[in-house]
Structure formats: C-alpha cells, structure tokens
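# Descriptive structure summary
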Amino acid sequence: VPGAMAAERALAMATCTAPVNIAVIKYWGKRDTDLILPINSSLSVTLHQDQLKTTTTAAASRDFTEDRLWLNGTEADVGHPRVQACLREVRRLARKRRGGSEDAATLGLLSYKVHVASENNFPTAAGLASSAAGYACLGGCGTGHGGGRRDELSEVARRGSGSACRSMWGGFVQWQRGERPDGTDSLAHQVAPETHWPELRVLVLVVSGQKKPVASTVGMQTSVETSPLLKHRAEVVVPERLAQMMRHIRERDFEGFGQLAMRDSNQFHATCLDTFPPIFYLNDLSRHIIALAHRYNAHHGHTKVAYTFDAGPNAVIFTLADTVDEFVEVVRRSFPPAANGDQFVRGLPVGSAALPQELVAAVVTEPVPGAVQYILHTKPGPGPQLVDDPSQHLLGADGLPRR
Ligand code: DP6
C-alpha cells in the first residue's frame, strides 16, 4: 500500500487473495524463533483458490490514528508480535523501494497507520492453515505485490507464519532453509507451476473442527529441544527426501510422490511422539483414514491415493483425476454421512461410481458413520492475486469493514 499511495490522496487501498498450501516434505522446527528460520527446507503444493482462499484488504491513510486489524469481520489484536513483524517488514520494503529517499513525503507516507481486514472463503473450523494464506496476503497486498520482488515478499509472509511463505507462489513450492543468520536467504520459490501436473487432485477430509491442542509454534519448539529423531530428520533425512521429491514432481511420478508424501507425514508425526512430553495431532479417525488408504492401494496393487496430515487430525489426500470418483465413494461407504448427505462432497465436481464387490469387501471394513464431516475436492492452483475490482475491497471508504 505505501508504495502505491500518492502523497496527496487521503486513502490508499489494495486487496489481494492468497492460497492455502499443504506440505509434502514437512517444516517442523525453528533454528531462530524470532526471525522464523527453519531447521530444514520444506516442499508444498499450493491449493486452488476457487475452493480455499483468504482475501485481505490493506488501507493506509493519514487520517487513521492507529493500526487496526479485522479477521473474518471481528476486530483482532494488531499488537500480536507476528502481525507487528509483518507490518514492520512491509514498511521496510516500501522504504527500500523508494530508494532510501528521506524526503518529507516519504517519511509521512511511511508513518501512516494502516487498517487491515482479512477473511476466508472457508470455515476456519475446518482446521486448515488459514493464517498461512492471511499472512501471505498481507505480504502480497502490503507491498503492491506486482511491483515487489516475490521472494522478498515471502520474507514478509514468513515473519507471520513459517509455512505462509510457501503460499507466495502457485504450484509446487520449496522453502529453502537458508544458511545466513539474518534469514535473507530463507526464501520460498516455485519448483513447478500449477499447470505442471494437470491430473493431480486433492481431497481434504474434514474430520473435526476442533482447534489443535498444541499450537504448532509451541509444539515444534518443544520438539527441537527434546527430540533426537527430529534432529536426525532435519540433518539427514530431509535433504535426501527433498531431492527425491523434486524428481518425482518433475517426472509426474505419482507412485514415488505419494509414497514419499505418506512417509514424510508419518515421520513428522513420529517426531511429535518422540517429543517429550509427546504431542498428538492424529486421532483415531486419522488412523482409520491411514489404514483405509493403505487397504485401497493394496487392493489396486499400487499407490492410487496418498495421505498427509499437518498439526491436526484432518486428512489431505493426493490422488489423480481418474481415481477421485471411486475413492470418494469408498470414503462415503466407510464414513456414511450423518445428516448432510447432499453437502458431503464440496468443491470441484465428483461423479458417481459403482464399487466392485471385491473392492468393498477388501477395503470398506468397519464403517464409522458420521466420522468425516465433509470432503473438499480441489487441485493445485496459482499464487496470490491482486484484486483490481474496487468493489471487492473488504474496507469501505471510511477505512472500516464493509459488513
Ligand atoms: C505441520 O507455519 O504453523 O503444517 O512458523 O510457528 O507459524 P509457525 O508454524 P506453522 O507450522 C506448520 C507446520 C506444519 C508443516 C508444514 O506446513 O510444513
């Protein structure tokens, strides 16, 4: 916003949307908790914003008397250290892009207070990493995104939440841990665009709207302090896996991609169990879904679906377009919907499938009614987008939320 603002205008506003991302090589653990620098690199798939996105509007005006923040329509604490770190970073970049000029207009501009409003197009209760998209948005629209260098903006997002920096790009994204103590080389970059693997699909199985018991920020620091497995993972396992995963993605090798995604999710949760006291993010239902995926793959004799879980019990399933209808039917039969039968499948269309009797017998063993709330069908998608249409701003001309 500061960069886009003409000194004579009373109010400058920008709106941006940003996606959610899901890691296939997980980030868990920081070497610097203040700058948010990770102990290992990570790799993620950016999900499509048609299904999951966060919209953020930032406004700056000489008339504002304080920085203010609204999340999903409710005013939130702008004093949160991470929000402050993001705003500071946005202002620093704006200053830098002005070529360090110290004229009166620039100084006035940079001292303007900002109002920020952010909202999700999906229920926060879904337990998805919405803050990632929100912070990426702040990075994107805060600096006018089109003009800023995207890797610099990934620094803004990273200061909000580590995994958020990967939402600065579409498709397949690597967050390189970097070596420098000041974090200037700890950046996200795109490995392949969202068009690279057109058949790849994502199913989010929402099992619970519960808040995670241990916030990832706290949990991962306990892991860093106590888990020898995490240390080994960061030093030895992840560097090898990253190279393998990049190759599987480049070759669109679903067998390799899916196997490694499952193994890496499992190892992340193993480091949680190796943390002392231990942390549990998976629940009985998550384990049910894991077993179901393995039975399904075993029945077909190769990897047709791959699960991954973050710091919560919801499953994210990777699969290919030709498998979606059948696997969704398997999930429907395994977890018969309670009341919302018609809203059980959301997002991209899913066709009907008749399951062969042998498949049902081998895979659908003990149905658990109502256990999965709904399935969201989506696919890889693009990175943050600047919204041109002013009617889409979340803040009105008075700088307050429109609704
Ligand atoms: C399990 O990015 O939420 O989702 O940097 O402290 O905000 P902070 O943590 P956060 O951690 C995400 C961990 C994860 C794995 C991943 O997304 O790579």
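Going by the structure above, here's the rest.
Computed from a predicted structure; not experimentally measured.

Our focus in this paragraph is the environment of phenylalanine 122. With respect to the helices, strands and loops of the structure, phenylalanine 122 is situated in the loop between β9 (113-120) and α3 (130-142). Through-space distance from the C-alpha of phenylalanine 122 to that of leucine 52 is 6.2 Å; in sequence the pair is 70 residues apart.

Residues in close proximity to the ligand total 17 residues, the closest being Tyr27, Lys30, Arg82, Ser161 and Ser163. The separation between an oxygen atom of the ligand and a polar side-chain atom of tyrosine 27 is 2.6 Å. Expressed as a share of its isolated accessible area of 460 Å², the protein-covered part of the ligand is 93%. The greatest single-element share of the shell around the ligand, amounting to 3 residues, is contributed by helix α5 (residues 216-226). Taken together, the residues that form the shell around the ligand break down as 7 nonpolar, 5 polar and 5 charged. The residue makeup of the shell around the ligand includes at least three contributed by each of domain 1 (12-194 + 386-392) and domain 2 (200-378).

Looking now at the packing of helix α6 (residues 228-250) against helix α7 (residues 254-274). Relative orientation of the contacting elements α6 and α7 amounts to 165°, with a least axis distance of 10 Å. The angle between α6 and α7 places the two elements in the roughly antiparallel class. Note on packing geometry: the crossing formed by α6 with α7 is left-handed. Here α6 contributes Pro228, Leu229, Leu230, Arg233, Val237, Arg241, Gln244, Met245, His248 and Ile249 to the contact with α7, which in turn contributes Gly256, Phe257, Leu260, Ala261, Arg263, Asp264, Gln267, Ala270, Thr271 and Asp274. Of the residues contributing to the contact of α6 with α7, the split by class is 10 nonpolar, 5 polar and 5 charged.

Following phenylalanine 276, the chain continues into proline 277 via a peptide bond in cis, with omega recorded as -5°. Along the chain, the position of proline 277 falls in the loop between α7 and α8 (284-300). If you check the backbone angles, asparagine 72 has positive phi at about 50° while not being a glycine. Along the polypeptide, asparagine 72 turns up in the loop between β7 (68-71) and β8 (74-76). One non-glycine residue, arginine 252, lies in positive phi territory at about 50°. On the secondary structure map, arginine 252 appears in the loop between α6 and α7. Look at arginine 252 and you get partly exposed, because its relative accessible area is 44%.

Take the packing of α8 against helix α9 (residues 324-334) next. Interhelical geometry of α8 versus α9 gives an angle of 130° and a closest axis separation of 12 Å. If you check the angle between α8 and α9, you find them oblique. By crossing handedness, the relation of α8 to α9 is classed as right-handed. From α8, Leu292, Tyr296 and His300 reach across to α9, where they touch Glu326, Phe327, Val330, Val331 and Ser334. Counted by class, the contact of α8 with α9 contains 5 nonpolar, 2 polar and 1 charged residues.

Time to look at the pattern of salt bridges. For the structure shown, the criterion picks out 8 salt bridges. The partner of glutamate 235 in a salt bridge is lysine 231, and the shortest N-O contact between them spans 2.9 Å. Within this pair, glutamate 235 and its partner lysine 231 are both found in helix α6, separated by 4 residues, close to a single helical turn. Measuring nitrogen to oxygen at the nearest pair gives 3.1 Å for the salt bridge that ties aspartate 264 to arginine 241. Placement of the pair is aspartate 264 in helix α7 and arginine 241 in helix α6, with a sequence separation of 23 residues. Since its relative accessible area comes to 14%, arginine 241 is described here as buried. One network of salt bridges, in which partners are shared, links Arg233, Arg241 and Asp264.

A few words now on the sheet that holds strand β2 (residues 21-25). In space, the 4 strands of this open sheet follow the order β2-β5-β10-β11, with antiparallel pairing throughout. Among the strands making up the open sheet, the edge pair consists of β2 and β11 (188-192). Across the sheet, the axes of successive neighbouring strands diverge by a mean angle of 35°, strand direction being ignored. Pairing of strand β10 (residues 172-175) with β11, which is carried by 4 bridges, proceeds in the antiparallel orientation. The residue of β11 that forms the bridge with glutamine 174 is histidine 189. Docked against the sheet, α6 engages β2, β5 (42-46), β10 and β11, running at close to 110° with respect to β2. Helix-sheet contacts for α7 involve β2 and β5, and the interaxial angle to β2 is about 95°.

About the cut-offs
- Residues numbered from 1 in each chain as written.
- Predicted model: local features only at pLDDT ≥ 70, side-chain atom pairs only at ≥ 80, totals over all residues.
- Heavy atoms only, no water.
- Helix = DSSP H or I, 4+ residues; strand = E, 2+ residues; numbered from the N terminus.
- Near = heavy atom within 4 Å.
- Polar contact = N/O pair within 3.5 Å; in protein donor to acceptor, adjacent residues only side chain to side chain.
- Areas by Shrake-Rupley, 256 points an atom, 1.4 Å probe, with all protein chains shown as cover.
- Nonpolar A, V, L, I, M, F, W, Y, C, P; charged D, E, K, R; others polar.
- Domains from an automatic or database assignment.
- Axes fitted to C-alpha atoms, helices over the stretch in contact; angles between N-to-C directions.
- Parallel < 35°, antiparallel > 145°, perpendicular 65-115°, else oblique.
- Left-handed = near helix turned anticlockwise from the far one by under 90°.
- Contact = heavy atoms within 4.5 Å.
- Buried < 20%, exposed > 50% of the residue type's maximum accessible area, 1.4 Å probe, protein only.
- Salt bridge = Lys/Arg side-chain N within 4 Å of Asp/Glu carboxyl O.
- Pairing = 2+ DSSP bridges.

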